[in-house]
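As a plain string of letters, each chain reads:
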Amino acid sequence: MSLRIGIALLLSLLLPVSQALELPEPGALQARLGRDVQAVQVIEPHLSVAGQQLRVRYLGYPAPLVFERLLGADWQRPGREIELRALDGFVSRVPVERFAKYQAWLVQARADGAAFMVDNHAQHEKQVPLGPYYLVWDNIAAPELVAEGGAVWPYQVASIALKPGSREALLPAGLGSGFAEHADLAQKYCLSCHQVNGYGGEKMPLNLAVRAKLLDLRTWRTWLLNPQTLKPGTAMPPLPDTLPAAEREAIVAKLHRYLRAVPVLP
Ligand code: HEC
């Protein structure tokens, strides 16, 4: 074993859960992983709309390989989450189980040499830089991911960390049973930007458990399905229009019911 690998191994054993680790720049990452970037083709959710899919080829590494090298061999222990922090305050927390089910890639450039940027139609943002790293999913191998849109595709990712699961914040004592699915929906579609009881992102760190109790279902529905009618040009994305309409309505209602029920912790 080389000294460098030995030190990396020791560091990964000592690294406590929750310590954020800055991702090395591409050259250094390549040296850490000991291999070249690979091309992966995906249906780019930020550019695709219902019925019109746009494919892009990116260059990067299988995300599990990066996590294993940087976070340690046991990163995939059940119940944990990988936190990906972006430069813009977007914080994505992805349950490790999802990486066993679907293939994720941490990419750093486009394969065709075009600028590493994307237009984010849902958020009315153009030419958004994707670097330093962008988490993408092989949604050509798993078409069920296409409907989810870009909710779990964090870009501008600068650091990663292993975190304990979100259950304590999202399903606190005092909340009735039967809300596990609701909490998963909130985590997937809302909590990269918003929060529930301190858990979530910092792009718009509003506690949805407080706000939902102040908004009736009608206003709530408009915020989730047509936010630009309430605030033109808003950065709040609607629920992906690639989801069937009935499913979007169901998500609106489930999130409202759950977030009104969840106790607001001090
Ligand atoms: C990409 C980040 C992002 C995601 C994901 C997101 N939001 Fe938002 N949301 C925003 C921003 C930014 C605003 C502020 C809108 C404004 O004032 O222009 C906002 C505003 C809101 C508001 C209105 C708050 C008020 O002023 O009363 C509600 C309600 C809301 N979001 C709920 C949700 C729910 C529920 C989800 C998940 C289904 C969600 N958001 C997903 C960024 C996001």
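Just so we're clear, the structure is a prediction, and the values are computed from it rather than from any experiment.

Here's the deal with the sheet that holds strand 6 (residues 104-110)
Alright, step 1. Strands sit in the order 2-3-6-9 across an open sheet of 4 strands; the sheet is antiparallel. Every interior strand has two partners, whereas the edge strands, strand 2 (38-43) and strand 9 (134-137), have only one. On average, each strand axis in the sheet is tilted by 55 degrees relative to the strand beside it, whichever way the strands run.
Alright, step 2. Relative to strand 3 (residues 55-62), strand 2 runs antiparallel, the two being bridged by 6 bridges. Following the sheet pairing, I43 is matched in strand 3 by R55.
Alright, step 3. Across the sheet, helix 3 (residues 63-71) is in contact with strand 3, strand 6 and strand 9; its angle to strand 3 comes to roughly 25 degrees.

A few points about empty space enclosed by the protein
Alright, step 1. Using the criterion set out here, one finds 1 cavity of 30 Å³ or more in the structure.
Alright, step 2. Estimated volume of the largest cavity: approximately 30 Å³.

Here we look at unusual backbone geometry
Alright, step 1. Here the bond from G131 into P132 is cis, since omega is 10 degrees, no more than 30 degrees from zero.
Alright, step 2. Counting through the fold element by element, P132 comes out in the loop between strand 8 (125-129) and strand 9.
Alright, step 3. The phi torsion at Q127 lies on the positive side, around 50 degrees, for a residue other than glycine.
Alright, step 4. Within the secondary structure, Q127 is located in strand 8.
Alright, step 5. Backbone geometry at N197 places phi at a positive 50 degrees, although glycine is not the residue there.
Alright, step 6. In this structure, N197 sits in the loop between strand 11 (195-196) and strand 12 (199-200).

A few points about the domain arrangement of the protein chain
Interfaces are often sized by the accessible area lost when the parts come together.
Alright, step 1. What the domain assignment lists for the protein chain is domain 1 (3-164) and domain 2 (167-261).
Alright, step 2. Placing the centre of domain 1 and that of domain 2 at their C-alpha centroids yields a distance of 24 Å.
Alright, step 3. Taken together, the contact pairs 22 residues of domain 1 with 22 residues of domain 2.
Alright, step 4. Interface of domain 1 and domain 2: buried area, both sides summed, is about 1700 Å²; carbon and sulfur atoms make up 50% of it.
Alright, step 5. Counting the contacts that link domain 1 with domain 2 gives 2 salt bridges.

Some remarks on the coordination of the iron atom of the ligand
Alright, step 1. Of the protein atoms, only H194 (NE2) and M236 (SD) coordinate the iron atom of the ligand, at distances of 1.9 to 2.0 Å.
Alright, step 2. Of note is the iron atom of the ligand, whose 6 donor atoms meet at the metal with angles of 84 to 177 degrees in an arrangement that counts as octahedral. Taken together, the positions of H194 in the loop between helix 6 (180-189) and strand 11 and M236 in the loop between helix 9 (227-230) and helix 10 (245-261) put the pair 42 residues apart, joining distant regions of the chain.
Alright, step 3. According to the relative accessible area criterion, H194 is buried, its value standing at 11%.

Rules used in this analysis
Residues numbered from 1 in each chain as written. Predicted model: local features only at pLDDT ≥ 70, side-chain atom pairs only at ≥ 80, totals over all residues. Heavy atoms only, no water. Pairing = 2+ DSSP bridges. Helix = DSSP H or I, 4+ residues; strand = E, 2+ residues; numbered from the N terminus. Axes fitted to C-alpha atoms, helices over the stretch in contact; angles between N-to-C directions. Contact = heavy atoms within 4.5 Å. 1 Å grid on protein atoms, 1.4 Å probe; cavity = no way out; pocket = protein on both sides within 12 Å on 5 of 7 lines; lining within 4 Å. Points joined across faces, edges and corners; volume = space filled by probe spheres on them. Domains from an automatic or database assignment. Buried area = accessible area lost by both parts, 1.4 Å probe. Salt bridge = Lys/Arg side-chain N within 4 Å of Asp/Glu carboxyl O. Donors = N, O, S within 2.8 Å, 3.2 Å for Na, K, Ca; no water. Tetrahedral: all angles 85-135°; square planar, octahedral: opposite > 155°, others 65-115°. Buried < 20%, exposed > 50% of the residue type's maximum accessible area, 1.4 Å probe, protein only.

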